[in-house]
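# Working through the structure, step by step
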2 protein chains.
Amino acid sequence: MPQYKLTYFNLTALGEPIRWAFKIAGVDFEDERIEISDWAAVKKSGRFPQEQIPLLEIDGEVFTQSTAILKYLGKKFDLDVDDAILRFRLDQIFGILDDARIEFRSWFMENDPDKKQNLQQTLVNESIPRYLRQVEEIVAKTDGNFITGSKLTYGDLYVANILGMWLSLSLLQEQKLQDEFPKLATLRNAVVTIPAIKSWIAVRPKTLF
Amino acid sequence: MPQYKLTYFNLTALGEPIRWAFKIAGVDFEDERIEISDWAAVKKSGRFPQEQIPLLEIDGEVFTQSTAILKYLGKKFDLDVDDAILRFRLDQIFGILDDARIEFRSWFMENDPDKKQNLQQTLVNESIPRYLRQVEEIVAKTDGNFITGSKLTYGDLYVANILGMWLSLSLLQEQKLQDEFPKLATLRNAVVTIPAIKSWIAVRPKTLF
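All figures in this text were calculated on a predicted structure; none of them were measured in a lab.

## Comments concerning the sheet that holds strand S2 (residues 30–34) of chain B
Residue and element names in this part refer to chain B.
- The mixed open sheet is built from four strands, whose spatial order is S2-S1-S3-S4. Two strands in the sheet have a free side with no partner beyond their single neighbour: S2 and strand S4 (61–64). Each strand of the sheet is rotated relative to its neighbour by a mean of 20 degrees, with strand direction disregarded.
- Alignment of strand S1 (residues 4–9) against S2, held across five bridges, turns out to be parallel. Each bridged residue has a counterpart across the sheet, and for Leu 6 the counterpart in S2 is Asp 31.

Here it is, written out as structure tokens:
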């Protein structure tokens, strides 16, 4: 069995779906966490070729780019599909949520309180609902609980985690999720009640998001 | 044979690797082009569910998100690989170039001349070289001309087109590409000399980039 070591911030965000893939596969990994306040110094250490995390080491070989890592593990751990249209829908959802991430990041990094408040209003009232409508429509193409129907994929881990993150930051309200995006509410519930995920969430470090 | 219709700006950018995939496969498609100045009005027409292009219609069914579309056609047209590590490298390169695209977009959309000049300096002198170093390192893992070695994939179309775009906008100099990123220079040359691509480039509409 290869030795896996994941290095990421002490946050859910881009690292958590990768952690979930390991949990679901029942594969041990070292879960190294770096505090945001330490990152500026740590990233210059030479350990991080692109000065970016998450970074996954497999028997010492270095893998970067969170989505690429998640998809790679998805393929290894049978959390993937081979059908061209279903794979397209997964890629399409990642594209939509990448667009969302860019806006989320602008809000998160903004230091001016007024500007941050404006960005938050746009995020909560316009952007997040628009992105979620797009993803809801794609998931609604199947009858099952997951994006591809009944088979859990890395895409479901990604979506469920982003929803959880937005909920925990009050960028999205649970009631709104239930009422306006019922397929996504069901998907999220189906993921976080998987026993391996449920027990991980109960014991994982408590973080801001 | 399905009827394909691609709608995008009258630019290369995100649409061109998709056009190249059709050309290489020898599959006809309608190449609808919208001028940037018309887009604000056209996007509200109801034809664009997410008010975004590129948009691909296949027998009237609507596909969005450029990377997802390119990967989908790559899978259909045998411009894909199944090996997990090679697929990871493709995804990793898309992740890196997505980061680059965010900076490119900030520069392209900036209207203040001083700010634009500053963003351009950073792009030319720091960001583009840094991203290209990362991609060069990945491509250097194989001996062949392409990302996965000898097999052409959608990833090569994507990389070759971005390099061409940066060259045409003078964000990258041909000599610098040759000297500092020899694998990428070879990759680009191998793609643009494919007969189907070469003859398309000779006749395609002349655009800003």
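## Quick notes on the interface of chain B and chain A
- Across the boundary between the two partners, chain B contributes 24 residues, which contact 24 residues of chain A.
- Both sides together, the interface formed by chain B and chain A hides about 2,400 Å², and carbon and sulfur atoms give 55% of it.
- Broken down residue by residue, the surface that chain B buries against chain A is led by Gln65(B), Lys75(B) and Phe88(B), which jointly contribute 23%.
- Inspection of the region where chain B meets chain A yields two salt bridges.
- Its salt-bridge partner being Lys75(A), residue Asp82(B) comes within 3.1 Å of it at the nearest N-O pair.
- Where chain B packs against chain A, one counts eight residue pairs in polar contact (both at pLDDT 80 or more).
- Contributing elements (two or more residues each) for the side of chain B that touches chain A: S4, helix H3 (66–76) and helix H4 (84–109) of chain B.
- Per-element accounting of the side of chain B that touches chain A gives the leading share, 11 residues, to H4(B).

## Looking at the packing of aromatic side chains
Residues and elements named next belong to chain A.
- Using the criterion set out here, one finds 34 aromatic pairs over all chains in the structure.
- Note on Phe 9 and Trp 39: the rings are 5.6 Å apart at their centroids and 80 degrees apart in plane angle, and the pair reads as edge-to-face. Residue Phe 9 is found in strand S1 (residues 4–9), and its partner Trp 39 is found in helix H2 (residues 36–42); the two are separated by 30 residues along the sequence.
- Here Phe 9 falls in the buried class, since its relative accessible area comes to 16%.

## Some points on the side chain of Arg204(A)
Residue and element names in this part refer to chain A.
- Among the secondary structure elements, Arg 204 is positioned in the segment after helix H9 (195–203).
- Within the structure, the side chain of Arg 204 is placed 2.8 Å from the side chain of Glu 16, a separation counted as a polar contact.
- Beyond its immediate stretch of four places on either side in the chain, Arg 204 contacts Thr 12, Glu 16 and Trp 20.

## Notes on the UniProt feature "domain: GST C-terminal" (unreviewed entry) in chain A
- According to UniProt, the positions carrying the feature "domain: GST C-terminal" (unreviewed entry) are residues 79–209 of chain A.
- Summarising residues 79–209 of chain A: 73% helix, 0% strand, and an end-to-end C-alpha distance of 24 Å.

## Some details on the sheet that holds strand S4 (residues 61–64) of chain A
All names here are of chain A.
- Here we have four strands laid out as an open sheet, ordered S2-S1-S3-S4, and mixed in their pairing. Each end of this open sheet is capped by a strand with a single partner; those strands are strand S2 (30–34) and S4. The sheet shows a mean angle of 20 degrees between the axes of neighbouring strands, direction not considered.
- On the sheet, helix H1 (residues 16–25) packs against S1, S2 and strand S3 (55–58) and is oriented at approximately 150 degrees with respect to S1.

## Quick word on the UniProt feature "domain: GST N-terminal" (unreviewed entry) in chain A
- Following the UniProt record, one finds the feature "domain: GST N-terminal" (unreviewed entry) at residues 2–81 of chain A.
- With 35% helix and 24% strand, the stretch residues 2–81 of chain A has end C-alpha atoms that lie 23 Å from each other.

## Observations regarding the packing of H4(B) against helix H6 (residues 154–168) of chain B
All names here are of chain B.
- Contact geometry for H4 and H6: axes closest at 10 Å, N-to-C directions at 25 degrees. Of the possible angle classes, the one that applies to H4 and H6 is roughly parallel. The two elements H4 and H6 meet at a crossing, and its hand is left-handed. Contacts from Arg 87, Leu 90, Ile 93, Phe 94, Leu 97, Asp 98, Ala 100, Arg 101 and Phe 104 of H4 reach H6 at Tyr 154, Gly 155, Tyr 158, Val 159, Ile 162, Met 165 and Trp 166.
- Considering only residue class, the contact of H4 with H6 consists of 12 nonpolar, one polar and three charged.

## Quick word on the pattern of salt bridges
All names here are of chain A.
- Within the structure shown, the criterion is met by 33 salt bridges over all chains.
- Notably, a salt bridge pairs Asp 91 with Lys 71, separated by 2.7 Å at the nearest N-O pair. Here Lys 71 lies in helix H3 (residues 66–76) and Asp 91 lies in helix H4 (residues 84–109), a separation of 20 residues in the sequence.
- Accessibility expressed as a relative area gives 9% for Asp 91, which makes it buried.

## Overview of the relation of the copies chain B and chain A
- The transformation that overlays chain B on chain A combines an axial shift of 0.0 Å with a rotation of 180 degrees, and the residual RMSD is 0.0 Å. Considering both components of the superposition, the chain copies are consistent with a two-fold axis. Taking C-alpha positions as reference, the residue of chain B nearest the rotation axis is Ile102(B), located at 4.0 Å.
- A share of 100% of the interface residues of chain B reappears at the interface of chain A, consistent with the copies meeting face to face through the same patch.

Cut-offs applied
- Residues numbered from 1 in each chain as written.
- Chains lettered and ligands numbered in written order.
- Predicted model: local features only at pLDDT ≥ 70, side-chain atom pairs only at ≥ 80, totals over all residues.
- Heavy atoms only, no water.
- Pairing = 2+ DSSP bridges.
- Helix = DSSP H or I, 4+ residues; strand = E, 2+ residues; numbered from the N terminus.
- Axes fitted to C-alpha atoms, helices over the stretch in contact; angles between N-to-C directions.
- Contact = heavy atoms within 4.5 Å.
- Buried area = accessible area lost by both parts, 1.4 Å probe.
- Salt bridge = Lys/Arg side-chain N within 4 Å of Asp/Glu carboxyl O.
- Polar contact = N/O pair within 3.5 Å; in protein donor to acceptor, adjacent residues only side chain to side chain.
- Phe/Tyr/Trp six-rings, centres within 6.5 Å; stacked < 30°, edge-to-face > 60°.
- Buried < 20%, exposed > 50% of the residue type's maximum accessible area, 1.4 Å probe, protein only.
- UniProt positions renumbered as here; feature names shortened; annotations may be inferred.
- Parallel < 35°, antiparallel > 145°, perpendicular 65-115°, else oblique.
- Left-handed = near helix turned anticlockwise from the far one by under 90°.
- Nonpolar A, V, L, I, M, F, W, Y, C, P; charged D, E, K, R; others polar.
- Least-squares fit on C-alpha atoms with pLDDT ≥ 70 in both.

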